[in-house]
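Breakdown of the fold
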2 protein chains.
Amino acid sequence: MATLLNRRDPGQGSASERSPLHDDVVDQLRQMIIRCELVPGERFTEQKLVEKFGVSRTPLREALKILASEGLVEMRPHRGSSVSPISIEEISETFAVLGTLEEMAGPLVCDRVSNVDIARLERIKDEMSSKRDATDRNSYFELNVAFHQSMIALSGNAVLSATYNQLFGKLQRARYLVNDDQNRWSESAREHSWIMEALRQRDGAELSKRLREHNSRTAQAVLDKLRG
Amino acid sequence: MATLLNRRDPGQGSASERSPLHDDVVDQLRQMIIRCELVPGERFTEQKLVEKFGVSRTPLREALKILASEGLVEMRPHRGSSVSPISIEEISETFAVLGTLEEMAGPLVCDRVSNVDIARLERIKDEMSSKRDATDRNSYFELNVAFHQSMIALSGNAVLSATYNQLFGKLQRARYLVNDDQNRWSESAREHSWIMEALRQRDGAELSKRLREHNSRTAQAVLDKLRG
DNA sequence: ACTGTCAATATTGAATGCAATCTATGTGTG
DNA sequence: CACACATAGATTGCATTCAATATTGACAGT
């Protein structure tokens, strides 16, 4: 059996908190679900997962509970767990809420953002552009997450940020499906530049507008892909 | 959010859909926390809770995990669980996000609401008014939850609704503290009537505005209470 | 007397075993 | 031949046990 126990690096001399076993399982399962290595709707028995991860059922079940609370897994009493199906309706609704949250964030971000923050976002954006070849799909993907979530985090509203991240996570699978579209890819890069421009000028209203535009276009691309 | 789905169905004598043990624990613990019977910040050992609820540690820990994902409980590895402290900052931020979500819901609700829906909301509102004596504080409280959550549910956006409910839940404790203020109570009743009026006229923009106003006033009252 | 270290105890994290429940297969009856 | 029902196997839910970690208190050294 493959026991992949990557404990969080305790190498730092500081009193590092060792992560519980189920955290590893959560991270790995989440990635597998996001990358569609586990087919949406597929039911998995606990036995199978226990063998795959080399842990006992207790931490495994805890992991499933967490993923269920994130909406990636569905658990029905006595009937086992399954990967949540991708619902076009739900994806569409999630994009709508995300758009509203980004719009809310715009002015808040512009009020608080520092030049250092902007530089950091620029770096993420540039790195994203450099990772355009198909080999680095996953890196690009992670950088896109970092870009958007870092942006919203600058609002200073931790609840807003957490809510945003949670909903963003629910879209990851769907985004992943559309992540190989080169046209959308370069279009998205341009939009990121637009967004940064509004941010540099600290124009809250304009930032809101551009974020919403970007959100809307991304939603369109993802939904088209899902339907076609 | 998914916790709202698996409700125990009391009417059916058939044991076809029995709810898991931990659901009861979650419901009871949540109420105790919301009603501040468990002091914020207080740490509880699993042993104590096991004795109190008469279940074993396994379902109890599952319950704690769920409450942790709702933000009512904090769990630190090897250091036990505690009731999340009430942070004024967090309460304030949560109100802000809720206000934005209500604003988003306004037009959606007005586009879809039926006369039957309106009648149901009216009934809730009227019942709320009838429960103004201090003996029925908890009933009033529950009805207020039902009023707001039912309203947002009418948006037809399930993700919006679930997100709203989740954030609303995080505010319950703070609301409970201010729930004995007679002035705010009658003021709130008037605002509910205003809101219903905009709804009956299907004026989405106006509904948004009044929802935000109500949200803002409630936030003010709660935060004043917390600070004073 | 104060502080740092170490052992004893308490408490949580994980694993295993047992009971309850669901699902699938096969049999009998209309 | 279709359908209802019963039984066996599989799977989940819960309880208990074992292991790892944190906390508390005492003791020795400065």
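See above for the structure.
In short, a report on the structure. What you see is a predicted model; the values in this text were computed from it and never measured. (Residues numbered from 1 in each chain as written. Chains lettered and ligands numbered in written order. Predicted model: local features only at pLDDT ≥ 70, side-chain atom pairs only at ≥ 80, totals over all residues. Heavy atoms only, no water.)

All names here are of chain B. Strands sit in the order 1-3-2 across an open sheet of three strands; the sheet is antiparallel. Two strands close off the open sheet at either side, each with one partner strand: strand 1 (43–44) and strand 2 (73–76). Sheet topology places strand 1 next to strand 3 (residues 80–83); two bridges connect them, and they run antiparallel. By the bridge assignment, Phe44 is partnered in strand 3 with Ser81. (Pairing = 2+ DSSP bridges. Helix = DSSP H or I, 4+ residues; strand = E, 2+ residues; numbered from the N terminus.)

The next thing to look at is helix 7 (residues 158–178) of chain B. Along an α-helix, residues three or four positions apart point the same way, because every turn accommodates 3.6 residues. All names here are of chain B. Look at helix 7: 29 Å from first C-alpha to last across 21 residues, which is about the 30 Å you get at 1.5 Å a residue. A bend of about 45° at Gln172 is the largest found in helix 7. For helix 7, a buried count of 15 out of 21 residues is recorded, marking the element as mostly surrounded by other parts of the structure. Regarding helix 7, its N-cap is Asn157, as a side-chain oxygen of that residue lies 3.0 Å from the backbone nitrogen of Val159 further along. (Expected span 1.5 Å × (residues − 1). Bend = angle between axes of the 7 residues up to and from the residue. Buried < 20%, exposed > 50% of the residue type's maximum accessible area, 1.4 Å probe, protein only. Polar contact = N/O pair within 3.5 Å; in protein donor to acceptor, adjacent residues only side chain to side chain.)

What follows covers the pairing of strand 2 (residues 73–76) of chain A. Residues and elements named next belong to chain A. As paired elements, strand 2 and strand 3 (residues 80–83) share four bridges and run antiparallel to each other. Following the sheet pairing, Arg76 is matched in strand 3 by Gly80. Connecting strand 2 to the antiparallel partner strand 3 that follows it, the hairpin turn spans three residues, and His78 within it adopts a positive phi of roughly 65°.

The next subject is the pattern of salt bridges. Tallying each qualifying case throughout the model produces 39 salt bridges over all chains. For Glu70 of chain A, the salt bridge identified is with Arg30 of chain A, shortest N-O distance 2.8 Å. On the criterion of sequence distance, the pair formed by Glu70 of chain A in helix 3 (residues 57–70) and Arg30 of chain A in helix 1 (residues 21–34) is long-range, its members being 40 residues apart. Close ionic contact of Arg57 of chain A with Glu46 of chain A constitutes a salt bridge, the shortest N to O distance being 2.9 Å. Here Glu46 of chain A lies in helix 2 (residues 46–53) and Arg57 of chain A lies in helix 3, a separation of 11 residues in the sequence. Among the residues examined, Arg57 of chain A registers a relative accessible area of 45% and is labelled partly exposed. Connected via shared salt-bridge partners are Glu46, Arg57, Arg61 and Lys65 of chain A together with Glu62 of chain B. (Salt bridge = Lys/Arg side-chain N within 4 Å of Asp/Glu carboxyl O.)

A word on the relation of the copies chain A and chain B. Copy one and copy two of the chain differ by a rotation about an axis and a translation along that axis. Laying chain A over chain B is done by rotating through 180° and shifting 0.0 Å along the axis; what remains is an RMSD of 0.1 Å. Viewed as a symmetry operation, the transformation between the two copies matches a two-fold axis. (Least-squares fit on C-alpha atoms with pLDDT ≥ 70 in both.)

Here we take up the interface of chain A and chain B. At the junction of the two partners, chain A supplies 30 residues and chain B supplies 29 residues. Carbon and sulfur atoms supply 63% of the area that chain A and chain B bury against each other, a total of about 2300 Å² over both sides. Among the residues chain A hides against chain B, the three largest losses belong to Lys65, Glu93 and Val159 of chain A. Together they make up 23% of the total. Along the contact surface separating chain A from chain B lie four salt bridges. For Arg61 of chain A, the salt bridge goes to Glu62 of chain B, with nearest N and O atoms at 3.5 Å. Elements with a contribution of two residues or more to the side of chain A that touches chain B: helix 3, helix 4 (88–112) and helix 7 (158–178) of chain A. When grouped by side-chain class, the residues that make up the side of chain A that touches chain B number 13 nonpolar, eight polar and nine charged. (Contact = heavy atoms within 4.5 Å. Buried area = accessible area lost by both parts, 1.4 Å probe. Nonpolar A, V, L, I, M, F, W, Y, C, P; charged D, E, K, R; others polar.)

This part is about the protein's contact with DNA strand D. Not every one of the 19 residues close to DNA strand D is listed here, only the nearest: Arg57 and Arg61 of chain A together with Leu21, Ser56 and Thr58 of chain B. Looking at DNA strand D alone, sugar and phosphate atoms form 73% of those within 4 Å of the protein. Backbone polar atom of His78 of chain A to a phosphate oxygen of DNA strand D: 3.3 Å apart, as the coordinates give it. A distance of 2.8 Å separates a phosphate oxygen of DNA strand D from a polar side-chain atom of Ser56 of chain B. Here the surface near DNA strand D takes four residues from helix 3 (residues 57–70) of chain B, the largest share from any one element. (Near = heavy atom within 4 Å.)

All names here are of chain B. With their axes 10 Å apart at the nearest point, helix 2 (residues 46–53) and helix 3 run at an angle of 110° to one another. If you check the angle between helix 2 and helix 3, you find them roughly perpendicular. Where helix 2 approaches helix 3, its residues Glu46, Leu49, Val50 and Phe53 are matched on the opposing element by Arg57, Leu60, Arg61 and Leu64. Residue composition of the contact of helix 2 with helix 3, grouped by class: five nonpolar, no polar and three charged. (Axes fitted to C-alpha atoms, helices over the stretch in contact; angles between N-to-C directions. Parallel < 35°, antiparallel > 145°, perpendicular 65-115°, else oblique.)

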